[in-house]
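Geometric and topological summary
Here are the chains, one letter per residue:
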Amino acid sequence: MRDLGVGFGYLVKGQRWAAGHGRSLGTGLLPGLITLVMYVGALVGLAYGADDFADWATPFADGWSSPWLGLFRGCLTALVFALGLFLAVISFTAVTLLVGQPFYEKLSGDVDRAESGGEAPESGLPLWRDLWISARDSLRILVRVAFYGILLFGLGFVPVIGQSVIPAIGFCVNGFFLAEELTAVALQRRGMELRPRLALLRSRRLLTLGFGVPLALAFVVPLVAVFLMPGAVAGATLMVRDLLGESSDSDSDSDSGDGGDGEANGSGSGDGAGQGPVRIPERP
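What counts and what doesn't
- Residues numbered from 1 in each chain as written.
- Predicted model: local features only at pLDDT ≥ 70, side-chain atom pairs only at ≥ 80, totals over all residues.
- Heavy atoms only, no water.
- Buried < 20%, exposed > 50% of the residue type's maximum accessible area, 1.4 Å probe, protein only.
- Helix = DSSP H or I, 4+ residues; strand = E, 2+ residues; numbered from the N terminus.
- Arc of directions from axis to C-beta.
- Core = buried A, V, L, I, M, F, W, Y, C linked by side-chain atoms within 4.5 Å.
- Contact = heavy atoms within 4.5 Å.
- Patch = residues over 30% accessible without salt bridge, like charges linked within 9 Å, V, L, I, M, F, W, Y side chains within 5 Å.
- Areas by Shrake-Rupley, 256 points an atom, 1.4 Å probe, with all protein chains shown as cover.
- Salt bridge = Lys/Arg side-chain N within 4 Å of Asp/Glu carboxyl O.
- pLDDT = per-residue confidence, 0-100.
- Expected span 1.5 Å × (residues − 1).
- Bend = angle between axes of the 7 residues up to and from the residue.

Now for helix 7 (residues 194-203). Among the residues making up helix 7, those that are buried are Leu194, Arg197, Leu198, Leu200 and Leu201. Each buried residue of helix 7 lies within a common arc of 160 degrees when the element is viewed along its axis, so the set occupies one face.

Rendered as structure tokens:
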């Protein structure tokens with residue numbers, strides 16, 4: 001259970017890091033603001049067009065008498081808009097990360113350089129290739145989230161557990177995949193593909209949930225997501241460094257002062273509960 005607190009600690013550390021680096025914070029806010037404007041425009045358009053879509057999709061109801069026609073199409077219009085809003089919420093982070101790939105890579109690199117004394121891993125791939133990998137992996141994650149979402153939606157109709165246990169499981173699922181999307185920024189720069197990334201996070205599931213679930217709760221409101229995103233990327237990078245056993249600059253200085261007894265190898269910042277470093281498979 002300690003890992004839950006450690007994961008939340010990385011979220012707090014990330015927000016502090018972003019708040020203390022104004023230029024990186026400003027850079028990290030831009031993608032979220034751009035995506036928010038896009039989504040607001042799309043939802044406004046959907047609000048205006050949902051009733052026309054309902055009319056077009058239900059020609060069989062044209063002959064219905066009042067008030068049944070109005071009630072039926074009104075409910076369908078509300079359902080279409082609710083579905084659009086739901087899709088906006090679950091896809092906002094993935095789209096923001098895709099739009100902001102260059103911005104967040106720079107922010108993540110700044111965190112690595114600050115922690116390692118000036119060095120940051122690089123994928124060595126051209127920008128278009130990084131964007132393609134990010135888009136492909138985000139789509140795979142969205143498919144997984146949609147699958148679990150449909151499954152949990154169906155289970156939500158089960159008495160008692162559908163109104164208590166299932167929503168909690170839903171936030172855990174969303175939190176896990178949200179953590180994957182955020183850590184992917186740092187792990188993709190280290191050449192790690194989707195499957196090894198998922199295996200890495202599953203190996204420390206409670207740590208991942210401690211980081212991702214509070215964000216999933218906060219990210220229900222996209223406006224909140226805009227302002228938390230830079231710190232979330234920074235915190236995810238710090239968590240990745242711990243998961244992979246990468247020592248911070250301060251850790252290295254401490255080790256050299258202790259005579260290089262080697263205790264830092266695989267321990268990272270000390271928050272990893274003694275986990276050894278993870279071998280990163282080379283990108284094919």
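In terms of nonpolar packing, the biggest core is built from 51 residues, with Leu182, Phe211, Leu215 and Val233 touching the most fellow members. If you tally residues by element for this core, the top one is helix 9 (residues 222-243), at 11 residues. Excluding its chain neighbours within four sequence positions, the residues that come into contact with Val233 are Leu97, Tyr104, Leu107, Ser108, Leu182 and Val185.

Nonpolar side chains collect at one region of the surface, where Phe147, Tyr148, Leu151, Leu155, Val158, Val160, Ile161, Val165 and Ile169 lie side by side and expose about 750 Å² of accessible area between them. Of all the secondary structure elements, the ones that give two or more residues to the nonpolar patch are helix 5 (127-155) and helix 6 (165-189). It is helix 5 that provides the largest number of residues to the nonpolar patch, a total of 4 residues. Mapped onto the elements, Phe147 comes out in helix 5.

Of all residues in the protein chain, 86% have pLDDT values of 70 or greater, and the mean over the chain is 80. Within the model, the stretch residues 252-284 combines pLDDT values under 50 with 53 contacts to residues more than four positions away or in other chains.

Here the focus is helix 6. Since there are 3.6 residues in each turn of an α-helix, residues three or four apart along the chain are aligned in direction. Counted at 1.5 Å a residue, the expected span for helix 6 with its 25 residues is 36 Å, and the 37 Å between its end C-alpha atoms agrees. Bending of helix 6 peaks at approximately 40 degrees at the position of Thr183. Among the 25 residues of helix 6, 18 are classified as buried, and the element is accordingly described as predominantly covered. Looking at the residues trailing helix 6, positive phi occurs at Gly191, about 80 degrees.

What follows concerns the pattern of salt bridges. Counted by the stated rule, this structure contains 14 salt bridges. Residue Glu193 pairs with Arg136 through a salt bridge whose shortest N-O separation is 3.1 Å. One end of the pair, Glu193, is in the loop between helix 6 and helix 7; the other, Arg136, is in helix 5, with 57 residues separating them in the sequence. With its nearest N and O atoms 3.8 Å apart, the salt bridge here joins Arg140 to Asp137. Here the residue Arg140 and the residue Asp137 both occupy positions in helix 5, the gap between them amounting to 3 residues, near one helical turn. Given a relative accessible area of 40%, Arg140 falls into the partly exposed group. Taking relative accessible area as the criterion, Asp137 reaches 3% and is therefore assigned buried.

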